[in-house]
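# Commentary on secondary and tertiary structure
Okay, here's what each chain looks like letter by letter:
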Amino acid sequence: MAEPTNKQPAPPELETEVANRLRDPYEDTYLGILQTNDPLLLEKGDPNGEIYRDLRRDGKVFSCMQKRKHALIGEEIQVVPVDEGEAGLKDAAIVSSILKRCAFDQVCMDLLDALLRGFAVSEIVWTVRDGYYVPARIVKRAQRRFRYVLDEAGIPQLRMLTRDAMTKGVELPDRKFIVHRVNPEDDNPYGTGLGLQLYWAVFFKRKGIVSWNKLNDRFGTPTPWGRHPRNASPREKSTLFAALKALSNDGVIMTPEGAAIELLESKLTGAVTTQQALCAYMDDWIAEVVLGQEPRTSGGGALASASKERTNVRLDLVQADSDLLSNTLNESLIKWICELNGLAMCQVSREISEEEDKKAESETDKNITEMGFELSEEAVREKYGEGWSKKRAAPTPGPTATPPVPGRKPVPAGGADLANFAEGGGPDVIDVLVDEALGDWKPMMQPFATALQAELDASVKAGETAGEFLARLPSLLAKMDPSALQEALTNAAATTHLAGLSGVGDA
């Protein structure tokens, strides 16, 4: 049995690469110039990647790339200091102000071209503004103008090709060029873009469209057939051929009289949709590569659920694009701005989120309000933006005095000025008179209510039913004295009758 040892493990080698590109036996580094490891570009002999640039001519590719880019650009940037503190927050505000003045969203749009090609290059033009070194503008540059060359330490360095240095290019100054790359396989500085997966989809789609157009032209219009005499001269044949070509964009038939032509018809019946299905399949392929969107024929469930899933997948891809781009900017542009101006180190980022459905939120808030709850003003502003405040309650109108009329005694509030009412305006005069005549109805009705309540209590104690009590009710009412109520009703009827005869209340 081996005895245990107390030897400490050897420390790891620091800042050392063992499997670097210089030691790759399959890497062709002529004069130290690195080549892309994109298999399609190597197969086509196009190290500049111009075939990927041509993909943007396809409408589906362009549309999908715009959706992916604009979903990122549409979100606000956030600049935060690496180390928290009052000084860091102040410097972060300065960096944020600098970025807003250099068309930062356009810079991000240009660098996102790396999604298709694999890498993108932008040049910073520095200037001094308000005592700070800031980018006056950041200009997009074509990828074909740049090469990576290994230095003496085996580290890839970006070089720019010029007319005098078309092989290795010229060295570039520090803090001058931003390089964003995606999928740098095996430390490939050129990256690998989505063009590798999109090239064949666009290629076959274009072939299908050409074939589709030929099919439509052939079977959509008849083919002209001209016959000329057997002894026709070349000039006559040429004239006939020109006339046939004027009738067709594709093919024509011209034979001597008496010649027989036979066509072998296809056994296919109905509409031929092979080319259309091919183009639709390639469009689905493109959308799935760029947006992660599944084909339309395989939604995977209900339509709403499939649409929600596609949206979530696209947002995940855009958030990943934002994180990778932010890493590039934080290690280049943001770092250089902070270093040149002596500011605290900051970082920029974007938080990608789905657009909120304000209509659904408002309906939910309405339902909760009907349950007895109420949103605070702060919560309303946070959800629906600034500018909202609680609606003021409408004042309750009170009794107002009738405006004085020259030559007539003023009437206090609540009183009835018959002349004013007769002239129009204000409430109905007869209703006012009736209300005044019956203003003391409660004292007049109290004896009736008291007597009925006593009889009702006695009926309950005696165990009478409701029918028995109702049968005795007419005799009970006959014992009560209604004289006071009759007098009040008589006075009200007389008053309204006199008012009607005098014309009071007419418009």
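Everything quoted here is computed from the prediction, not taken from an experiment.

What counts, and at which threshold
- Residues numbered from 1 in each chain as written.
- Predicted model: local features only at pLDDT ≥ 70, side-chain atom pairs only at ≥ 80, totals over all residues.
- Heavy atoms only, no water.
- Helix = DSSP H or I, 4+ residues; strand = E, 2+ residues; numbered from the N terminus.
- Buried < 20%, exposed > 50% of the residue type's maximum accessible area, 1.4 Å probe, protein only.
- Contact = heavy atoms within 4.5 Å.
- Areas by Shrake-Rupley, 256 points an atom, 1.4 Å probe, with all protein chains shown as cover.
- Pairing = 2+ DSSP bridges.
- Axes fitted to C-alpha atoms, helices over the stretch in contact; angles between N-to-C directions.
- Patch = residues over 30% accessible without salt bridge, like charges linked within 9 Å, V, L, I, M, F, W, Y side chains within 5 Å.
- Salt bridge = Lys/Arg side-chain N within 4 Å of Asp/Glu carboxyl O.
- Lys, Arg positive; Asp, Glu negative; His and termini not counted.
- Charge placed at Lys NZ, Arg CZ, Asp CG, Glu CD.
- pLDDT = per-residue confidence, 0-100.
- Parallel < 35°, antiparallel > 145°, perpendicular 65-115°, else oblique.
- Left-handed = near helix turned anticlockwise from the far one by under 90°.
- Nonpolar A, V, L, I, M, F, W, Y, C, P; charged D, E, K, R; others polar.

## What to know about the overall build of the chain
Within the chain, the regular secondary structure consists of 18 helices and ten strands. Evaluated residue by residue, the chain yields a buried proportion of 30% over its 507 residues. Summarising the internal contacts of the chain: among those between residues at least 6 apart in sequence, 64% fall at separations of at least 24. A total of about 34,000 Å² of accessible surface is found on the chain, and carbon and sulfur atoms cover 54% of it.

## A closer look at the sheet that holds strand β3 (residues 132-141)
Pairing in this open sheet of three strands is antiparallel, and the strands run β3-β2-β7 from one edge to the other. Looking at strand neighbours, the two that pair on one side only are β3 and β7 (177-181), the edges of this open sheet. When the angles between neighbouring strand axes are averaged without regard to direction, this sheet yields 30°. In terms of strand pairing, strand β2 (residues 119-129) meets β3 through nine bridges, oriented antiparallel. What sits directly across from R129, in β3, is Y132. Strands β2, β3 and β7 of the sheet are contacted by helix α5 (residues 104-111), whose axis makes an angle of about 155° with β2.

## Some details on a negative patch on the surface
A cluster of acidic residues, E17, E185, D186 and D187, forms a negative patch on the protein surface. Assignment of secondary structure puts D187 in the loop between β7 and α7 (195-220).

## Things to note about the confidence of the model for the chain
Chain-level pLDDT for the chain is 79 on average; 72% of the residues reach the 70-or-more range. Note on residues 413-426: pLDDT is under 50 here. Beyond four places in sequence and across chains, it has 30 contacts.

## Structural notes on the packing of helix α4 (residues 86-100) against helix α11 (residues 333-341)
Angle between the axes and distance between the axes are the two parameters that describe a pair of packed helices. The contact between α4 and α11 brings their axes to 11 Å, and the two run at 120°. As summarised for this structure, α4 and α11 are arranged oblique, according to the angle between their axes. When you trace α4 past α11, the crossing you get is right-handed. For the pair α4 and α11, the contacting residues are V95, I98 and L99 in the first and L333, I334, I337 and C338 in the second. Looking at the contact of α4 with α11 residue by residue, the classes come out as seven nonpolar, no polar and no charged.

## A look at the sheet that holds strand β6 (residues 165-170)
The three strands lie next to each other as β4-β5-β6, forming an open sheet whose pairing is antiparallel. Sheet topology places β4 (146-150) and β6 at the edges, where each strand pairs with a single neighbour. Across this sheet, the average inter-strand angle for adjacent strands is 50°, counted without regard to direction. For β4 and strand β5 (residues 156-162), the ladder comprises five bridges, and the chain directions are antiparallel. Note on β5: the bridge partner recorded for V149 is Q157.

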